[in-house]
2 protein chains.
Amino acid sequence: MHDDLARSLGRLSELALAYAQLDDSDPVRPVLDPDHAVDSLGLALPALGMDIDSVLDRVARVLAATPSTSGPRFFNQLFAGRDPAAAVADMLASLANNSMYTYKVAGPMVLIENLLVREMGRLAGFEDAEGVFTPGGSLSNLAALLCARNAAVPHARDRGVDGRPLRVYSSADAHYSIRKGVGMLGMGRDNLVSIPCDAEGRMDPVALEAAVVADRATGLTPVMINATAGTTVQGAFDPLDALADVAERQGVWLHVDGAYGGTMLLSEPRRHLLAGLHRADSFTWDAHKMMGVPLVCSVILVRKRGLLTALLNESASYLFQGDTDLYNPGTRSLQCGRRNDVLKLWAAWQYHGLTGFAARVERQLLLANQLADRVAAAPDFSLLRRPASLNVCFELTGKPSDAICARLHELGLAMVGHATVNERCVIRTACVNPDLRAEDLEALLDAIREVGATLP
Amino acid sequence: MHDDLARSLGRLSELALAYAQLDDSDPVRPVLDPDHAVDSLGLALPALGMDIDSVLDRVARVLAATPSTSGPRFFNQLFAGRDPAAAVADMLASLANNSMYTYKVAGPMVLIENLLVREMGRLAGFEDAEGVFTPGGSLSNLAALLCARNAAVPHARDRGVDGRPLRVYSSADAHYSIRKGVGMLGMGRDNLVSIPCDAEGRMDPVALEAAVVADRATGLTPVMINATAGTTVQGAFDPLDALADVAERQGVWLHVDGAYGGTMLLSEPRRHLLAGLHRADSFTWDAHKMMGVPLVCSVILVRKRGLLTALLNESASYLFQGDTDLYNPGTRSLQCGRRNDVLKLWAAWQYHGLTGFAARVERQLLLANQLADRVAAAPDFSLLRRPASLNVCFELTGKPSDAICARLHELGLAMVGHATVNERCVIRTACVNPDLRAEDLEALLDAIREVGATLP
């Protein structure tokens, strides 16, 4: 082993422990002025190299100045926390550096991917799912759009999109990746139809069916219905069974974007939130959100085996040498070289087991409901509505939510985002960090009050 | 800090060192039968969890059974080796778990990405490049195809592809991701025109121009010329200046896929291999190949700032809150949540400096030439041709290359692939591991001879 490699790996535990300690001692890092931080942190790219210890010290310094996404004051995204098993497994996967295209170079990591695809497919009700891990929900959704486009226009892969309007239906509260994907795949964003939601943020099946019928009557081609299981802002679940009825009646591909909420499948008492999922054609599920493994870990599952391979396989005799397609996931991937994003999830599964995952989901739901209870009971707060899952949206009555979020960050009190719902700008929190305690939620509300008092 | 996290991070150095040691003691792991390895390695997903030490021991066991891509017997892909700075930096980036969409949650990591984009753009001759890191060269090439498509059909993003044939030109030796991307973006793989190569594997500019002219004469729309800097099999460099002449004359987008060979820009004496690159419209460059950082680390650069943002930005007020687009790379990314793939490259750059990278490229070229010399001098080997870069293709005279590669692997002697060039099946090696020594190359040739003697 190279001396410097022995040195850097030897320092790894010290560096990792010191870094993780910062979640407690410095949970919200000071806001850095981007115009000055390149100099103040010494980020410039040098012409001459330096010794390994100096590099590692610099890496530690930059990391210490980077926002913490795992500390108890981070409520800004739909991921948070640090899983003891997944974190270390992912670091070792990075060290091992296998590319996930072939069994020849990834070996048992392919078997792990296949096991996870099968089990996650089983939980979704896809008995013989085909699937592959992708670098994030946006790209999983892109793969689903690709499958749906080809189901409607079977020769699109070889002959191209032929110019007829290909319509995609998604709720007003759906994730922006659907819109981006429609633009990428040549269907045109003008052909993305925004379906209204009910008061709880769930897509309206009646409005959806009317839109599909109206389109078909005017000669447009319906391609895909995108349902969301766990919307970005409110954590709402579209009524999948009713949407599946529409999809079946109208003969349209049904995709379920469960990037966020798919994890509810792990909990027997919560699985009903996704009732009807087994009738969908494809499903996106991110393990780096509610399942708490490091970024990124997303899977695209299709109910009918072979569809991904049919759309993504290319012959490349310099790469695919021996072993069947089943063991060469490069044949069904958007990528060629691909990072190993499955070992971390496998390690977390060993650590928690399905029962442990279920208990964690329950605990996270309990936290979200505790927060909602506190907000509802406080005279100075206004709760948007009872949480559908882990998101709690609310206002400090009479104070601007966006300014509160900005000040919380500037003052180092918390990192939390805002969102607009029915023209109300609300504070959006997501209780996705399983290590959160009740006092962290209390501290968040206190901090919001403190900041609010300084605002007009 | 959670006790189990302290425990797992505390064991990290021990686990990492033990793993890296295997490169020396067990450089080619036994071939596992995929039908039995799930049981023999205990890979099943359990219902009940287990203690953290048991999980880590299992992770170590699986890794020990996974092919090594960094040892001295691995010649199978266009990546290899383990950089002491990049490896540890990437592991810490995984622990930190920042998503690269906004400055708010990624802070200095965004500044690092911007510095790398600017410097890599400068080296490419793109003075004001726009760029973003993607999960691999295939997706970087997809982003380039998207830009090119929109340059030819400006309203494609909103109105869709309109059915007119959109033609893409790429050499017969180009990477398969171009073909995959054309199929994805609605242009139709039948519209990918394969341009012949010269005897050295370089795209023929005269044949290219004839194809473009002929297409335009029949009413087809030329969209993109894909040139390759460092082909997958032979490591050949297309003549970029001559191709840029064609692109300019014909008014067609020129993309350069330098996923593999872009790294030659780091070496003053080798930069001429990419002469003319500054005239291209877009450029793919993977740092996880010749630059030796862990998978994946690819950048797509476009010469004209703003094009990526124009094609990939979506308004998402729940995500982009404050800071300008410059500091919110999510506005120009294919992804939403995105792993931090830049800290590893930044750390490697601190460790080596530009001069160190240049010296490493020279050393790798020297190794490739040494191997070619040995092969050329040996009466029982047949060299395909002098290496254009790090790839050396050859045969053991009279013996089937594919069978040799399979036997080398089965016997635990080396992992190396084969490829077909002009209907000859050759052994393809790539000297990308900077830690290779002359005796490793000697050992490879000896192993090939040993195996060849057992074959008819």
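In every chain, residue numbers begin from 1 and rise along the written sequence. Key to labels: chains lettered from A, ligands numbered from 1, both in the order written. Under the rules for a predicted model, residues below a pLDDT of 70 receive no local features and side-chain atom pairs below 80 are neither given nor counted, while totals for whole chains, interfaces and linings still include all residues.

**Quick word on the overall build of chain A**
Rule in force here: Elements are defined by DSSP. Helices are runs of H or I of four residues or more, strands are runs of E of two residues or more, and each kind is numbered from the N terminus. For this measure, only C-alpha atoms enter the radius of gyration; the expected value for a globule follows 2.2 Å times N^0.38, where N is the number of residues. Here exposure depends only on C-beta density: within 10 Å of a residue's C-beta, 20 or more other C-beta atoms make it buried, 12 or fewer make it exposed, and intermediate numbers make it partly exposed, the C-beta atoms being placed from the backbone. For the purpose of contact definition, each residue receives a C-beta atom placed from its backbone, and two residues are in contact when these atoms lie within 7 Å.
Broken down by element type, chain A carries 16 helices and 12 strands. Its C-alpha atoms give chain A a radius of gyration of 23 Å, near enough to 23 Å, the size a compact globule of 456 residues would have. By its C-alpha atoms, chain A is 65 × 60 × 45 Å across when sized along the principal axes. For chain A, buried positions account for 61% of its 456 residues. The contacts of chain A with a sequence gap of at least 6 include a subset with a gap of at least 24, amounting to 73%.

**Some remarks on unusual backbone geometry**
At the junction of leucine 295 of chain A and valine 296 of chain A, the peptide bond is cis and its omega measures out at -20 degrees in the coordinates. Relative to the elements of secondary structure, valine 296 of chain A occurs in the loop between strand 7 (282-286) and strand 8 (298-302). Phi at asparagine 422 of chain A takes a positive value of approximately 50 degrees, unusual for a residue other than glycine. Despite not being glycine, asparagine 97 of chain B has its phi angle at roughly 60 degrees, a positive value. Mapped onto the elements of the fold, asparagine 97 of chain B is located in the loop between helix 5 (84-96) and helix 6 (103-106). The exposure class assigned to asparagine 97 of chain B is buried, which follows from the 23 C-beta atoms found within 10 Å.

**Observations regarding the pairing of strand 10 (residues 391-396) of chain B**
All names here are of chain B. The criterion, for reference: Any two strands with at least two DSSP bridges between them are considered paired.
Judged by how many residues are buried, strand 10 sits mostly within the fold: six of six residues are covered. Every second residue of strand 10 is oriented toward a common face, with Asn391, Cys393 and Glu395 on one face and Val392, Phe394 and Leu396 on the other, all of them buried. Here three bridges tie strand 9 (residues 381-383) to strand 10, and the two strands are oriented antiparallel to one another. Counted as the bridge partner of leucine 383 is phenylalanine 394 from strand 10.

**Things to note about the relation of the copies chain B and chain A**
The cut-off we apply is this: In this comparison the copies share one frame, found by least squares on the C-alpha atoms of residues holding pLDDT of at least 70 in both.
With an RMSD of 0.0 Å, the fit of chain B onto chain A corresponds to turning through 180 degrees and sliding 0.0 Å along the axis. On this basis, the relationship between the two copies can be described by a two-fold rotation axis. Mapped onto chain A, 100% of the interface residues of chain B are again interface residues, and the two copies thus contact each other with one and the same surface.

**Notes on the sheet that holds strand 1 (residues 74-75) of chain B**
Residues and elements named next belong to chain B. For the record, the criterion: To get an axis, a line is fitted to the C-alpha atoms, and for a helix only the part in contact is used. The angle between two axes follows their N-to-C directions and goes from 0 to 180 degrees.
If you walk across this open sheet you meet the five strands as 1-11-12-10-9, and the pairing is mixed. The open sheet has two edge strands with one neighbour each: strand 1 and strand 9. Where strand 10 and strand 12 (residues 424-430) come together, four bridges link them in antiparallel fashion. Paired with valine 392 across the two strands is threonine 429, which belongs to strand 12. Sheet strands touched by helix 15 (residues 401-410): strand 10, strand 11 (415-421) and strand 12. Its angle to strand 11, the strand with the most contacts, is close to 170 degrees.

**Let's talk about the domain arrangement of chain A**
Here is the rule: An automatic or database domain assignment is the source of the domain bounds shown.
Taken domain by domain, chain A comprises domain 1 (3-68) and domain 2 (98-347). Put simply, the middle of domain 1 of chain A and the middle of domain 2 of chain A, counted by C-alpha atoms, are 37 Å apart.

**Comments concerning the confidence of the model for chain A**
Short version of the rule: One confidence number per residue, pLDDT, is output by the predictor and ranges from 0 to 100.
When pLDDT is averaged along chain A, the result is 97, and 100% of the positions lie at 70 or above. Confidence metrics for the complex model read pTM 0.98 and ipTM 0.98.

**Observations concerning the environment of aspartate 3 of chain A**
Along the chain, the position of aspartate 3 of chain A falls in helix 1 (residues 3-10). Taking the C-alpha atoms as reference points, aspartate 3 of chain A and threonine 309 of chain A, separated by 306 residues in sequence, lie 44 Å from one another.

**Structural notes on the nonpolar core**
Definition in use: Defined on buried residues, the nonpolar core groups Ala, Val, Leu, Ile, Met, Phe, Trp, Tyr and Cys residues joined through C-beta atoms within 7 Å.
Ranked by size, the top nonpolar core spans 320 residues in total, and within it Leu92 and Leu301 of chain A together with Leu92 of chain B carry the most contacts. Look past the residues within four positions of leucine 301 of chain A in its chain and what remains in contact with it is Val117, Met120, Gly121, Ala124, Phe126, Ala129, Gly131, Ser282, Phe283 and Trp285 of chain A.

**Observations concerning the interface of chain B and chain A**
Rules: Three categories are distinguished: nonpolar for Ala, Val, Leu, Ile, Met, Phe, Trp, Tyr, Cys and Pro, charged for Asp, Glu, Lys and Arg, and polar for the others, with Gly belonging to the last.
Each partner contributes residues to the interface: chain B has 135 residues there, and chain A has 135 residues. With 11 residues, the single largest contributor to the side of chain B that touches chain A is helix 5 of chain B. Grouping the amino acids of the side of chain B that touches chain A by side-chain chemistry returns 74 nonpolar, 41 polar and 20 charged.

**Things to note about the sheet that holds strand 10 (residues 391-396) of chain A**
Residues and elements named next belong to chain A. Taken in spatial order, the five strands line up as 1-11-12-10-9 in an open sheet, and their pairing is mixed. With partners counted over all chains shown, the strands left at the sheet margins are strand 1 (74-75) and strand 9 (381-383), one partner each. Sheet strands touched by helix 14 (residues 343-377): strand 9, strand 10 and strand 12 (424-430). Its angle to strand 10, the strand with the most contacts, is close to 20 degrees.

**A look at the environment of alanine 388 of chain B**
Residue and element names in this part refer to chain B. When you line up the elements, alanine 388 lands in the loop between strand 9 and strand 10. Among the residues examined, alanine 388 registers 18 C-beta atoms within 10 Å and is labelled partly exposed. Sequence spacing of alanine 388 and tyrosine 318 is 70 residues, and the spatial spacing of their C-alpha atoms is 50 Å. Dropping the residues within four chain positions of it, alanine 388 is found in contact with Glu200, Gln234, Gly235, Ala236 and Phe237.

**Comments concerning helix 11 (residues 205-217) of chain A**
All names here are of chain A. Rule in force here: A helix is expected to reach a length of 1.5 Å times the quantity of its residues less one. Here the arc refers to the directions that run from the helix axis out to each C-beta atom.
The end-to-end C-alpha distance of helix 11, which contains 13 residues, comes to 18 Å, matching closely the 18 Å that a straight helix rising 1.5 Å per residue would cover. Restricting attention to buried positions, one finds in helix 11 the residues Pro205, Leu208, Glu209, Ala211, Val212 and Asp215. For helix 11, the arc enclosing every buried residue in end-on projection is 160 degrees, short of the 170-degree limit, so these residues lie on one face. Along helix 11, exposed side chains directed more than 90 degrees from the buried face belong to Val206, Ala214 and Ala217. Check the buried side of helix 11 and you find it contacts strand 3 (166-171), strand 4 (192-195), strand 5 (221-228) and helix 12 (240-250). Of the residues trailing helix 11, glycine 219 is marked for its positive phi of about 85 degrees.

**Brief notes about the packing of helix 15 of chain B against helix 16 (residues 438-453) of chain B**
All names here are of chain B. Quick note on the threshold: Roughly parallel means an angle under 35 degrees; roughly antiparallel means over 145; roughly perpendicular covers 65 to 115; every other angle is labelled oblique.
Running from N to C, helix 15 and helix 16 point in directions that differ by 105 degrees, and their axes come no closer than 9 Å. One element, helix 15, and the other, helix 16, form an angle in the roughly perpendicular class. Of the residues in helix 16, those touching helix 15 at Ile404, Arg407 and Leu408 are Ala447, Ile448, Val451 and Gly452. For the contact of helix 15 with helix 16, a count of residues per class yields five nonpolar, one polar and one charged.

**Thoughts on the pairing of strand 4 (residues 192-195) of chain B**
All names here are of chain B. Put simply, the rule is: By convention, a crossover is right-handed whenever its connection, traced from the first strand over the helix to the second and viewed with the strands pointing away, goes clockwise.
Sheet analysis places strand 3 (residues 166-171) next to strand 4, joined by four bridges and oriented parallel. Looking at the pairing, valine 168 lines up with leucine 192 of strand 4. Considered for its hand, the β-α-β crossover made up of strand 3, helix 10 (residues 176-184) and strand 4 is right-handed.

**Description of helix 4 (residues 52-64) of chain B**
Here helix 4 of chain B contains 13 residues, and its C-alpha end-to-end distance of 18 Å stays within 8% of the 18 Å for a straight helix at 1.5 Å per residue. Every buried residue of helix 4 of chain B is accounted for by Ile52, Val55, Leu56, Arg58, Val59, Val62 and Leu63 of chain B. Viewed end-on, helix 4 of chain B has its buried residues packed into an arc of 160 degrees, placing them on one side of the element. If you follow the buried residues of helix 4 of chain B, they end up packed against helix 5 (84-96), helix 7 (108-124) and helix 14 of chain A together with helix 1 (3-10) and helix 2 (12-25) of chain B.

**Structural notes on the environment of glycine 121 of chain A**
Residues and elements named next belong to chain A. Here glycine 121 shows up in helix 7. Judged by the 22 C-beta atoms lying within 10 Å of it, glycine 121 is buried. Distance from glycine 121 to valine 426, taken between C-alpha atoms, is 35 Å for residues 305 residues apart in sequence. Look past the residues within four positions of glycine 121 in its chain and what remains in contact with it is Phe126, Ala129, Gly131 and Leu301.

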